[in-house]
Amino acid sequence: MAEGALHHESSLQQIAGQFHPPERIAGIQSLGSGNVNDTFLVRLDGEGDPPAFVMQRLNTTVFARPELVMGNLLTLGRHVQRRLASPPPELAGRRWEVPRVLAARGEAGHWVEHEGQFWRSISYIGAATTTDVIRDASHAREIGYGLGMFHHLISDLPAGELADTLEGFHVTPAYLSRYDAVLSGRSVDGASEPRLQQALEHVERRRVGVDVLEAACARGELQRRPIHGDPKINNVMIDESNGQAVGLIDLDTVKPGLIHYDIGDCLRSCCNAAGEETLDLASVRFDLSLCRSILDGYLAIGRSFLTDADLRYLPDCIRLIPFELGLRFLTDHLEGDIYFRTERPEHNLDRALVQFALTESIESQWDAISDLVQTSISACSVRS
């Protein structure tokens with residue numbers, strides 16, 4: 001094993017030992033494929049609870065005030081645990097878990113700092129997994145149910161009790177302003193950079209309407225409330241035995257926001273079977289049947305707390321959020337890949353073009369999507 005790898009493993013052991021007795025630590029392995037934080041599964045031997053826990057290095061470049069992130073996690077955890085003490089009828093016969101922040105050993109509190117880095121541990125949801133691609137309609141419905149149940153359990157948590165840990169997050173007009181500022185500092189040769197030119201032209205054609213959700217909020221039609229912030233497909237845990245959704249993970253982005261950010265992001269990540277890392281743009285397509293299944297699962301619960309105005313703006317979030325993410329990938333590419341983790345040159349440009357292709361697919365099916373949303377709302381209203 002290389003010297004660097006040995007040092008890395010030794011550091012991980014040392015950090016894990018600040019959360020659980022070192023003699024119980026049986027192994028540490030990388031977990032997940034997130035673009036921001038480093039995540040590890042720590043397995044424990046011997047008697048005691050838990051048998052494993054999740055250990056994460058929080059990216060303090062993204063989360064400049066990690067103590068606020070931790071405060072939100074603790075607030076959310078306490079609230080959901082109170083709600084689960086008297087489970088809602090929609091959870092009858094089902095399990096639901098919320099990742100709990102685990103205290104560090106001694107007087108360290110709920111996180112530790114090691115060599116200038118911020119680490120914390122979170123409970124591990126066992127006998128459940130995540131995937132990057134929807135398997136079938138039943139899986140899609142459970143993804144929708146999972147997000148709906150998450151929103152239902154926090155629907156009565158006052159947004160004022162959560163810190164805004166990522167100001168401007170999901171505010172598309174702000175991302176567009178940032179993009180303009182970055183772009184103004186460089187020139188683009190369309191002949192030598194045709195893919196970049198393609199991305200730039202995509203943005204130029206869609207400037208009008210990027211404020212659709214924020215403008216509705218400013219008019220008082222939509223209200224900010226607690227949201228997950230990043231409910232993509234691989235953040236929904238699925239029970240290995242029965243295929244049911246059992247919880248959402250990666251809660252660092254929990255904050256006040258518009259619920260449409262979550263719904264749009266969930267549909268964006270789930271309804272493109274090619275995935276956001278594909279290099280085959282021709283394969284990128286927004287799948288209407290998956291969208292219908294996800295909305296059916298979500299609205300079966302969400303109809304109880306969504307307003308008529310919330311429902312009216314559902315089609316807009318389906319179109320806006322893929323464009324927004326593509327804009328963020330493109331801006332990061334122009335800035336030199338300082339936000340999202342990359343594995344190769346032009347990785348963020350590749351990602352941007354996928355999201356823009358998905359946006360175009362949504363636009364080409366706009367009437368069908370609008371009809372589908374209305375049908376799902378009507379069907380849910382009849383069932384309730």
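These numbers come from a predicted model, not from an experiment.

Is there a simple way to explain the packing of helix α4 (residues 172–183) against helix α10 (residues 314–335) in this structure?
Geometrically, a packed helix pair is captured by the angle between its two axes and the distance between the axes. Running from N to C, α4 and α10 point in directions that differ by 25 degrees, and their axes come no closer than 10 Å. Here α4 is positioned roughly parallel relative to α10, judged by the angle of their axes. The crossing of α4 and α10 is left-handed. Contacts between α4 and α10 involve T172, Y175, L176, R178, Y179, V182 and L183 from the former and L320, F323, E324, L327, R328, L330, T331, L334 and E335 from the latter. Tallied by class, the residues present in the contact of α4 with α10 amount to 10 nonpolar, two polar and four charged.

For this particular structure, what's the right way to read the side chain of T172?
Counting through the fold element by element, T172 comes out in helix α4. In contact with T172, other than residues within four places in its own chain, are V210, L320, F323, E324 and L327.

I tried to follow the pairing of strand β9 (residues 236–239) on my own but got confused; where do I start?
In regular strands, side chains alternate between the two faces of the sheet. Residues V236 and I238 point to one face of β9 and M237 and D239 to the other, with burial holding for every one of them. In terms of strand pairing, strand β7 (residues 128–129) meets β9 through two bridges, oriented antiparallel. If you follow T129 over to β9, its bridge partner there is I238. Of the pairings in the sheet, the one linking β9 to strand β10 (residues 245–248) comprises three bridges and is antiparallel in character. Each bridged residue has a counterpart across the sheet, and for V236 the counterpart in β10 is L248. Two successive antiparallel strands, β9 and β10, enclose a turn made up of five residues, where G243 displays a positive phi of approximately 75 degrees.

When you look at the packing of helix α2 (residues 66–85) against helix α3 (residues 137–154) in this model, what are you seeing that I'm missing?
Between α2 and α3, whose axes approach to 9 Å, the crossing angle comes to 95 degrees. The angle between the axes of α2 and α3 places the two elements in the roughly perpendicular class. Where α2 abuts α3, its residues L76, H79, V80, R83 and L84 lie against F150, H152, L153 and I154. Along the lines of polarity and charge, the residues of the contact of α2 with α3 split into six nonpolar, two polar and one charged.

When you look at the nonpolar core in this model, what are you seeing that I'm missing?
In summary, soluble globular proteins display a tendency toward joint burial of nonpolar side chains. If you look at the biggest cluster of nonpolar residues, it comprises 98 residues, and the most contacted ones within it are L76, W96, Y179, L267, F286, I318 and L330. In terms of residue count, the dominant contributor to this core is α10 (11 residues). Those residues in contact with L330, other than ones at most four positions away along the chain, are Y179, L196, A199, L200, V203, N348, L349, A352 and F356. With 14 residues, the next largest nonpolar core counts L12, A16, F40 and V42 among its residues.

What should I look at first to understand the side chain of D310 in this one?
Here D310 is to be found in helix α9 (residues 308–312). Not counting the four nearest positions on each side in its chain, D310 is found in contact with L222, R225, H260 and F305.

Explain the layout of surface pockets here, please?
A probe matching the size of a water molecule, rolled over the atoms, marks out where space remains unfilled. Its boundaries defined by the atoms lining it, the second largest pocket holds a volume of some 520 Å³. Taken together, 19 residues form the lining of the second largest pocket, with Y175, R178, R328, E335 and Y339 sitting closest to its centre. The set of elements that each furnish at least two residues to the lining of the second largest pocket consists of α4 and α10. It is α10 that provides the largest number of residues to the lining of the second largest pocket, a total of five residues. Its residues assigned to classes, the lining of the second largest pocket comprises 10 nonpolar, four polar and five charged.

What should I look at first to understand the environment of R285 in this one?
When you line up the elements, R285 lands in the loop between α7 (259–270) and α8 (288–302). Spatially, the C-alpha atoms of R285 and Q13 are 44 Å apart, while their sequence positions differ by 272 residues. Ignoring any residue separated from it by four or fewer positions in sequence, one finds R285 in contact with C271, N272, A273, L358, S361 and Q365. Here Q365 takes part through its side chain, which lies 3.4 Å from a polar atom of the side chain of R285.

It is not clear to me how the pattern of salt bridges should be interpreted in this structure. Could you clarify?
Any two side chains of opposite charge can pair if their charged atoms end up close together. Applying the stated criterion to the full structure yields 26 salt bridges. Notably, a salt bridge pairs D156 with R83, separated by 3.1 Å at the nearest N-O pair. In this pair, D156 sits in the loop between α3 and α4 while R83 sits in helix α2, placing the two residues 73 residues apart along the sequence. Residue E221 pairs with R219 through a salt bridge whose shortest N-O separation is 2.4 Å. According to the relative accessible area criterion, E221 is partly exposed, its value standing at 24%. The class of R219 is exposed, set by a relative accessible area of 52%. It is possible to trace a salt-bridge network through shared partners that takes in R195, R344, E346 and D350.

What am I meant to see in the packing of aromatic side chains here?
The description of two aromatic rings rests on the distance between their centres and on the angle between their planes. Throughout the structure, instances matching the rule amount to seven aromatic pairs. The interplanar angle of 55 degrees and the centroid separation of 4.6 Å between the aromatic rings of F329 and F340 together place this pair among those described as tilted. Residue F329 is located in helix α10, and its partner F340 is located in the loop between α10 and α11 (347–364); the two are separated by 11 residues in the primary sequence. Exposure class is identical for F329 and F340. Each is buried. Judged by centre distance (4.7 Å) and plane angle (70 degrees), the ring pair of Y339 and F340 falls under edge-to-face. For F340, a relative accessible area of 9% translates into the label buried.

What counts and what doesn't
- Residues numbered from 1 in each chain as written.
- Predicted model: local features only at pLDDT ≥ 70, side-chain atom pairs only at ≥ 80, totals over all residues.
- Heavy atoms only, no water.
- Axes fitted to C-alpha atoms, helices over the stretch in contact; angles between N-to-C directions.
- Helix = DSSP H or I, 4+ residues; strand = E, 2+ residues; numbered from the N terminus.
- Parallel < 35°, antiparallel > 145°, perpendicular 65-115°, else oblique.
- Left-handed = near helix turned anticlockwise from the far one by under 90°.
- Contact = heavy atoms within 4.5 Å.
- Nonpolar A, V, L, I, M, F, W, Y, C, P; charged D, E, K, R; others polar.
- Buried < 20%, exposed > 50% of the residue type's maximum accessible area, 1.4 Å probe, protein only.
- Pairing = 2+ DSSP bridges.
- Core = buried A, V, L, I, M, F, W, Y, C linked by side-chain atoms within 4.5 Å.
- 1 Å grid on protein atoms, 1.4 Å probe; cavity = no way out; pocket = protein on both sides within 12 Å on 5 of 7 lines; lining within 4 Å.
- Points joined across faces, edges and corners; volume = space filled by probe spheres on them.
- Polar contact = N/O pair within 3.5 Å; in protein donor to acceptor, adjacent residues only side chain to side chain.
- Salt bridge = Lys/Arg side-chain N within 4 Å of Asp/Glu carboxyl O.
- Phe/Tyr/Trp six-rings, centres within 6.5 Å; stacked < 30°, edge-to-face > 60°.

Read these as geometric descriptors, not functional statements.
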